[in-house]
Amino acid sequence: MREILGRRRRLRFRRGGRPARLDAALTCATAWRWPVLPGVGLAAAGGRGDRGRGCACPDPECAVPGAHPFDPGLLAATTDERMVRWWWTNRPAAPIVLATGGRAPCALSLPAVAGARALAELDRMGVRLGPVVATPTRWSLLVAPYTLERLGELLYAQDRVPSSLRFHSEGGYLVLPPSEAGTGQVRWERAPAADPSVPSGGSRSSSRGSRSPLRGSRSPLRGSRSSSRGEGSASGAAAPWLPDVGAVLEALVEASSSAPGGGSRLAY
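These figures come from a predicted structure and were not determined experimentally.

A.B. asks: Can you break down the pattern of salt bridges residue by residue, with the values?
C.D. replies: One pass over the structure, following the stated rule, counts five salt bridges. Residue E81 pairs with R85 through a salt bridge whose shortest N-O separation is 3.1 Å. One end of the pair, E81, and the other, R85, are both in helix α3 (residues 81-90), four residues apart, so they sit about a helical turn from each other. On the basis of relative accessibility, which here comes to 38%, the residue E81 falls in the partly exposed class. Residue R124 is joined to E121 by a salt bridge in which the shortest nitrogen-to-oxygen separation is 2.5 Å. Note that R124 and E121 are positioned in helix α4 (residues 112-125) at a spacing of three residues, about one turn of the helix. When its relative accessible area of 59% is taken as the criterion, R124 is described as exposed.

A.B. asks: Let's hear about the side chain of T135: which residues, and what values?
C.D. replies: Turning to its location among the elements, T135 is positioned in the loop between β6 (132-134) and β7 (138-143). When its relative accessible area of 18% is taken as the criterion, T135 is described as buried. Those residues in contact with T135 that sit more than four places away from it in its chain are A112, T183, Q185 and V186.

A.B. asks: Before we move on, can you summarise the sheet that holds strand β1 (residues 36-38) with the specific residues and values?
C.D. replies: One open sheet holds the three strands; their spatial order is β1-β4-β9, and the pairing between them is antiparallel. The open sheet terminates on both sides in strands that have one partner only, identified here as β1 and β9 (173-176). Between one strand and the next, the sheet's axes are offset by a mean angle of 35°, whatever the strand orientation. Pairing of β1 with strand β4 (residues 96-99) involves three bridges; the strand directions are antiparallel. Of the residues in β4, the one forming a bridge with L37 is V97. Running at roughly 25° to β1, α3 makes contact with β1 and β4 of the sheet.

The rules behind each value
- Residues numbered from 1 in each chain as written.
- Predicted model: local features only at pLDDT ≥ 70, side-chain atom pairs only at ≥ 80, totals over all residues.
- Heavy atoms only, no water.
- Salt bridge = Lys/Arg side-chain N within 4 Å of Asp/Glu carboxyl O.
- Helix = DSSP H or I, 4+ residues; strand = E, 2+ residues; numbered from the N terminus.
- Buried < 20%, exposed > 50% of the residue type's maximum accessible area, 1.4 Å probe, protein only.
- Contact = heavy atoms within 4.5 Å.
- Pairing = 2+ DSSP bridges.
- Axes fitted to C-alpha atoms, helices over the stretch in contact; angles between N-to-C directions.

The values are spatial; any link to function lies outside them.
See below:
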């Protein structure tokens, strides 16, 4: 029995390093100052031989299995290294949940198919994007923090907004790589990249209204596309660059309304 337990313990860790999710959670919390907490995670569903995965929360009809806070709740999100270490040392497979808003990144998300079309169109338009989180069902574009008041003003100024858009700000949350949720693996479609105008160790994390060609903006971090193995950077790295929500929203609205025949490129 001791040999079996020892083998299980080794499988939870990278050779010569920390568990992948602990490493990524520490990067978010201590290097980037993004408040995180462990998500509820997944539990085996059904009987023997059933590979289905359900949410570990008590709700049998959970709409976002594994991909939400439960215990602790969202208000427990922190950048404290000791707390983050304790959480993921005890629950190394727990998803990494980012508490959006305040001083933390916010996000705009679309269904996966519409998200892929949006990124292709924004690349064509020369819009510089920040990190993009992808799941099999939804893609989220991270942006600099914004208030609900500012979001309301931005939406009011638009004639129409794609109905597939969701907004993640104060009081919201987002699951980060390399987590696993009920819909599948969470990965970086566009990995976080530091602002080249800020020296190493700088604190600026956004550039309001900035637009520049995206070419060359992808992170040199390993696993920038579809990798699920410890997408973290060295401690002390500059916080990732984040675009202003107004620039991204404006570009998405323009991309949505520019399809031939008056249709939407972001339909799904």
